[in-house]
Amino acid sequence: MTPEVLRPSEPGGLAHGSRSGTGSDASPVVGAAPTDAAMAPAPTSAMAATGAAGAATVRERVYRYLRQAVMTGELPPGTRLVEDRIAEELGVSRTPVREALQRLTSEALVTRIRRGQLEVCAVGPRERAEMHLLRVAFDEVVARLVSRRAAEVDWQTILDKLGPLDAALRDGGIGSPAFAMAHLDLHMAVNRAAFSTRTSTFLESQAFLYPTDDYVQQGGYEPVEQHRALIAALASGDEEQAVAAALAHAVRGHARRTGHAAGPVGDD
């Protein structure tokens, strides 16, 4: 993403903690007042890529970011979503945003209201708890598999993901869209290393299995070094050490977010 997206910006920006515009029903709006600049991708965007593979990557990154924002409450229930402006803010064309919103609509995370407007649906505490339990279970499997084949993994490629994470932290902070994307990219790289190509491809099409809900974007810790330590444990070849580190990473973040340790799934 461009640096402009990361900073608190003029009215209409998608900076962390801000919502642009209001509708007649006073709902918060993401992407109000589209401009001509929204019609084309920003060439300096960190999401930008070329070719068919690049287009697929942009689609997935936009989708994962928006899905995470809805699931974690960064985009609260009732927030209005405007395609053109979101595209401008993220520095991409309208196509990946449109496709992401369609996928979120099919998952009942976004709904169409009057005149075709899109609005974020409520995600209850039970759903969030269920997603966290899925993440914990999935991360354990990832840790077991990747530690067993540690000698075959290109760990430098994964470690290189810490650079964008660090840059996003410095430029935009722990709550910025760029940090969220860099964090997801790092975990996706670990997940891909754990599985065969065929299984990894299948899992990437089943986005709900991925830990897209960011339970570690919280203050009070140093995220780059925390992830570096996690990668070291995964690369150790010690399966139990890897599993312990992965579970501690996921549960610690969830406990920070909710204020208590992860427990049984409760009611809405």
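Look above for the structure.
The model shown is predicted, which means the values in this text are computed figures rather than measured ones. (Residues numbered from 1 in each chain as written. Predicted model: local features only at pLDDT ≥ 70, side-chain atom pairs only at ≥ 80, totals over all residues. Heavy atoms only, no water.)

### Examining the environment of Ile174
1) Next: With respect to the helices and strands, the residue Ile174 is situated in the loop between helix 7 (162–172) and helix 8 (177–194).
2) Next: Along the sequence, Ile174 and Glu222 sit 48 residues apart, while their C-alpha atoms lie 9.8 Å from each other. (Helix = DSSP H or I, 4+ residues; strand = E, 2+ residues; numbered from the N terminus.)

### Topic: the packing of helix 8 against helix 10 (residues 223–235)
1) Next: Remark: helix 8 packs on helix 10, axes separated minimally by 12 Å, with the N-to-C direction vectors making an angle of 5 degrees. It follows that helix 8 is roughly parallel to helix 10 by the angle criterion. Residues Phe179, His183, Leu186, His187 and Val190 of helix 8 pack against Pro223, His227, Leu230, Ile231 and Leu234 of helix 10.
2) Next: Split into classes, the residues belonging to the contact of helix 8 with helix 10 amount to seven nonpolar, three polar and no charged. (Axes fitted to C-alpha atoms, helices over the stretch in contact; angles between N-to-C directions. Parallel < 35°, antiparallel > 145°, perpendicular 65-115°, else oblique. Contact = heavy atoms within 4.5 Å. Nonpolar A, V, L, I, M, F, W, Y, C, P; charged D, E, K, R; others polar.)

### Overview of the packing of helix 3 (residues 83–90) against helix 4 (residues 94–106)
1) Next: At a minimum axis separation of 9 Å, helix 3 and helix 4 run at an interaxial angle of 120 degrees. Between helix 3 and helix 4, the interaxial angle falls into the category oblique. Both helix 3 and helix 4 take part in a crossing whose hand is right-handed. Together, Glu83, Asp84, Ile86 and Ala87 of helix 3 and Arg94, Val97, Arg98 and Leu101 of helix 4 make up the contact between the two elements. (Left-handed = near helix turned anticlockwise from the far one by under 90°.)

### What to know about unusual backbone geometry
1) Next: Of note in the backbone geometry, Ala108 takes a positive phi value of approximately 65 degrees without being a glycine.
2) Next: On the secondary structure map, Ala108 appears in the loop between helix 4 and strand 3 (110–112).
3) Next: On the basis of relative accessible area, Ala108 is assigned to the exposed category, the value being 52%. (Buried < 20%, exposed > 50% of the residue type's maximum accessible area, 1.4 Å probe, protein only.)

### Concerning the side chain of Arg80
1) Next: Relative to the helices and strands, Arg80 is located in strand 2 (residues 80–81).
2) Next: Accessibility expressed as a relative area gives 12% for Arg80, which makes it buried.
3) Next: At a separation of 3.5 Å, a polar atom in the side chain of Arg80 contacts the side chain of Gln117. (Polar contact = N/O pair within 3.5 Å; in protein donor to acceptor, adjacent residues only side chain to side chain.)

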